[in-house]
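Working through the structure, step by step
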Amino acid sequence: MANGLWNKALRVDLSTDSVSSEAIAEHLSKTLIGGAGLGAYYLMKEVPASCAPLDAGNLILFTSGPF
């Protein structure tokens, strides 16, 4: 744990009942300070713009900020 950050993301896929952990790049932690920035990054990166709010391809993100 460096400077209060675990630098890990937990992915839970309910359609396949799988759980995996992945490292968050250090430059993302420093650039996107807090959960709101990191959540927006993952949404932009992994969810297509045409995805409706209740589509199966959408994500549910739980992120925490520095405050």
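Above this text is the structure in question.
Residues numbered from 1 in each chain as written. Predicted model: local features only at pLDDT ≥ 70, side-chain atom pairs only at ≥ 80, totals over all residues. Heavy atoms only, no water.

Attention shifts here to the pairing of strand β2 (residues 18-23). Inspection of the sheet shows strand β1 (residues 8-13) paired to β2 by six bridges, in the antiparallel sense. In the sheet register, A9 faces β2, and the bridge partner there is E22. In this structure, the hairpin formed by β1 and β2 is closed by a connection of four residues, where D17 is found at a positive phi of approximately 55 degrees. (Pairing = 2+ DSSP bridges. Helix = DSSP H or I, 4+ residues; strand = E, 2+ residues; numbered from the N terminus.)

A word on the pattern of salt bridges. Two side chains of opposite charge can pair, provided their charged atoms sit close to one another. Counted by the stated rule, this structure contains three salt bridges. In this structure, E46 engages R11 in a salt bridge whose closest nitrogen and oxygen atoms are separated by 2.4 Å. Of the two residues, E46 sits in helix α2 (residues 35-46) while R11 sits in strand β1, which places them 35 residues apart along the sequence. Looking at E46, the relative accessible area reads 30%, which means it is partly exposed. Judged by its relative accessible area of 29%, R11 is partly exposed. E26 is the salt-bridge partner of K30, the closest N and O atoms lying 3.1 Å from each other. In this pair, K30 and E26 are both assigned in helix α1 (residues 26-31), four residues apart and thus about one turn of the helix distant. Here K30 and E26 have matching classes, each one exposed. (Salt bridge = Lys/Arg side-chain N within 4 Å of Asp/Glu carboxyl O. Buried < 20%, exposed > 50% of the residue type's maximum accessible area, 1.4 Å probe, protein only.)

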